[in-house]
Amino acid sequence: MPIKPKLRPFPSHFAWGFAAAAPQIEGAAYTDGKGPSVWDTFARIPGKVANGDTLDVACDHYHRYPEDLAMMAALGAKHYRLSIAWPRIFSRGHGEVNQKGIDFYNRLIDKALELGLTPWVTMYHWDTPQGIEDDFGGWRNRDTVKAFGVYADTIVKAFGDRVKHWITLNEIICFTRMSYGTGQRGPGLMLPEQVVNQTYHHAMMAHGEGVRAVRQHGGPGARVGLTDCSEAFIPLSETPADIEAARRVFVHENGRVLEPMYTGRYAPEFLASLGADAPHMEPGDLELISQATDFLGLNVYRGRFVRAGADGKPEILPFPPNYPAADAEWLTHTPQSIYWAPRMAAEIYGVESIAITENGAGYNDLPPVNGEVLDLHRRDYLRNYLRELQRAIDDGVPVDAYFLWSFMDNFEWADGYQRRFGVVYTNYETQERTPKASAKWYSQVMAANAIV
Ligand code: NOJ
């Protein structure tokens, strides 16, 4: 019997692209008036980043962006999610604008557009200016929200004639809880729970300032959203009881971010569960936080399985030690996460437009052999996730964009340079870039608008 394999296309308007972030690729950490960020400082504390790696040079994208963008375009991407480094625009995070920083992003944005890459710009990807930390106490203080508002106004005014897709903040948990609670990320503090909850609240307010700036200065056609890393909860079986259990966990876990953003309040049970550690709020805060947005960005890497427990309570299942994971051990192979995270955001909060602003896999890839990096592990990981994304879209989940994390290997925060998320291999000694097998495959996917 002849078998005729079918291409299953994504919707015709679907946006394909790559994602990256300034502190992880740019390098030039002290060039042209850029001030240090909390990560430049944190990386210098012995033991905080694997192998003592710093962000000083990274992929030297600050100088090599024309070639990097040309390679992205040659691979067939039409969209590029980049971030602006706050300490390049204001060396201390506030005060005088650093014109050389503005000039750099003008060159970068113009080059992207010239190559047919639509920029999606993240205002903040964890690189808080050290001046903001020193002068105000960083996300602990409301003054940081004000400074962020001025920064947002400045960049939207400067680039808003060409940038029409804005993302206010990236993954709030990573610069609040992990930065001021568990100490794993810059500035690396371990403070009481009330302070951590306060940093979340201030981050949500900064998101509101970003939305306000885009509405005021973004010009016609400007869209704005937040990128979150909502934990995905996967019902163990797709039965009503397990789906309901997963949904309850999702709502609870999103009490600090999606809940106030979409409902204009912190759920009373959630605030009650925080008790005396609840954030201090002032009149107007929740209005700022819950202004309407145009899309939700979701970074999806992994999920946890949930079932309805015997007592009717949701039960989050532990992973057995032999469950498959990437070299980044937190990254369990759970393709259904990219089905359930957007579905729940759409069903629970009525989100009408979702962009997968990151998805990818971190491995300690070996260097090229005869010019080739056969990262079949990453290629398969991506393929399985895209299949589940396609299932979500077929079921009516409104996902209209996908950004692969990441274009090239880069500074993977506390894991340094050994942990590679790129589909392009970076040789950090020579700065040579080599597209891996996964890049060639992703290029075919983008060209076909279908999984190949
Ligand atoms: C999410 C973060 O936004 C990005 O900076 C990081 O490199 C990836 N996850 C992989 O861990």
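Here, every reference points to the structure presented above.
This report concerns the structure included in the present document. (Residues numbered from 1 in each chain as written. Predicted model: local features only at pLDDT ≥ 70, side-chain atom pairs only at ≥ 80, totals over all residues. Heavy atoms only, no water.)

Description of the overall build of the chain
Counting secondary structure elements, the chain contains 17 helices and 13 strands. In terms of overall size, the chain behaves like a compact globule, its C-alpha atoms giving a radius of gyration of 21 Å where 452 residues would be expected to give roughly 22 Å. Its C-alpha atoms give the chain principal-axis dimensions of roughly 70 × 60 × 50 Å. Expressed as a percentage of its 452 residues, the buried residues of the chain come to 58%. Summed over its atoms, the accessible surface of the chain is roughly 17,300 Å², and 54% of this surface lies on carbon and sulfur atoms. (Helix = DSSP H or I, 4+ residues; strand = E, 2+ residues; numbered from the N terminus. Rg over C-alpha atoms; globule rule 2.2 N^0.38 Å. Buried < 20%, exposed > 50% of the residue type's maximum accessible area, 1.4 Å probe, protein only. Areas by Shrake-Rupley, 256 points an atom, 1.4 Å probe, with all protein chains shown as cover.)

With respect to the packing of aromatic side chains
Tallied over the entire structure, the rule returns 39 aromatic pairs. Between Tyr65 and Phe104 the ring centres are 5.7 Å apart and the planes differ by 85 degrees, which places this aromatic pair in the edge-to-face class. Linking Tyr65 in helix H3 (residues 61-75) with Phe104 in helix H5 (residues 99-114), this pair joins segments that are 39 residues apart in sequence. Per residue, the accessibility class of Tyr65 equals that of Phe104, and both read buried. Here a set of aromatic residues connected by ring pairs shows up, and it is made of Phe10, Phe14, Trp16, Phe18, Tyr402, Phe407 and Tyr442. Lying over the aromatic face of Tyr30, Lys34 brings its terminal NZ or CZ to 6.0 Å of the ring centre. Lying over the aromatic face of Tyr200, Arg256 brings its terminal NZ or CZ to 5.2 Å of the ring centre. (Phe/Tyr/Trp six-rings, centres within 6.5 Å; stacked < 30°, edge-to-face > 60°. Lys NZ or Arg CZ within 6 Å of the ring centre and 35° of its normal.)

Description of the site of the ligand
In the vicinity of the ligand, 13 residues are found, and the nearest of them are Gln24, His125, Asn170, Glu358 and Glu412. Within the side chain of Gln24, an N or O atom sits 2.8 Å from an oxygen atom of the ligand. Contact distances for the ligand include 2.8 Å between an oxygen atom and a side-chain N or O atom of Asn170. When the ligand is considered free in solution it has 300 Å² of accessible area, and contact with the protein chains removes 95% of it. Across the shell around the ligand, the residue classes tally to six nonpolar, four polar and three charged. (Near = heavy atom within 4 Å. Polar contact = N/O pair within 3.5 Å; in protein donor to acceptor, adjacent residues only side chain to side chain. Nonpolar A, V, L, I, M, F, W, Y, C, P; charged D, E, K, R; others polar.)

What about the environment of Val150?
Mapping Val150 onto the fold places it in helix H7 (residues 142-159). Residue Val150 is classed as partly exposed on the basis of its relative accessible area, which comes to 47%. Each C-alpha atom, one on Val150 and one on Gly210, is 9.3 Å from the other, the two residues being 60 residues apart in sequence.

Regarding the sheet that holds strand S9 (residues 314-316)
Read from one edge to the other, the open sheet built from three strands follows the order S6-S8-S9, with strand pairing classed as mixed. Looking at strand neighbours, the two that pair on one side only are strand S6 (232-235) and S9, the edges of this open sheet. In this sheet, adjacent strand axes meet at a mean angle of 40 degrees when their direction is disregarded. The pairing of strand S8 (residues 303-308) with S9 spans three bridges and is classified as antiparallel. (Pairing = 2+ DSSP bridges. Axes fitted to C-alpha atoms, helices over the stretch in contact; angles between N-to-C directions.)

Observations regarding the pattern of salt bridges
Applying the stated criterion across every chain, the model contains 32 salt bridges. One salt bridge in this structure joins Lys146 and Asp143, with 3.4 Å as the shortest N-O distance. Of this pair, Lys146 and Asp143 both sit in helix H7, three residues apart, roughly one helical turn. Exposure remark for Lys146: the relative accessible area of 60% places this residue in the exposed category. Under the relative-accessibility criterion, Asp143 is labelled partly exposed at 31%. Its salt-bridge partner being Asp294, residue Arg215 comes within 3.0 Å of it at the nearest N-O pair. Here Asp294 lies in the loop between helix H14 (285-289) and strand S7 (295-299) and Arg215 lies in helix H10 (residues 193-217), a separation of 79 residues in the sequence. By sharing partners, the salt bridges in this structure join Asp365, Asp375, Arg378, Asp409, Arg420 and Lys436 into a single network. (Salt bridge = Lys/Arg side-chain N within 4 Å of Asp/Glu carboxyl O.)

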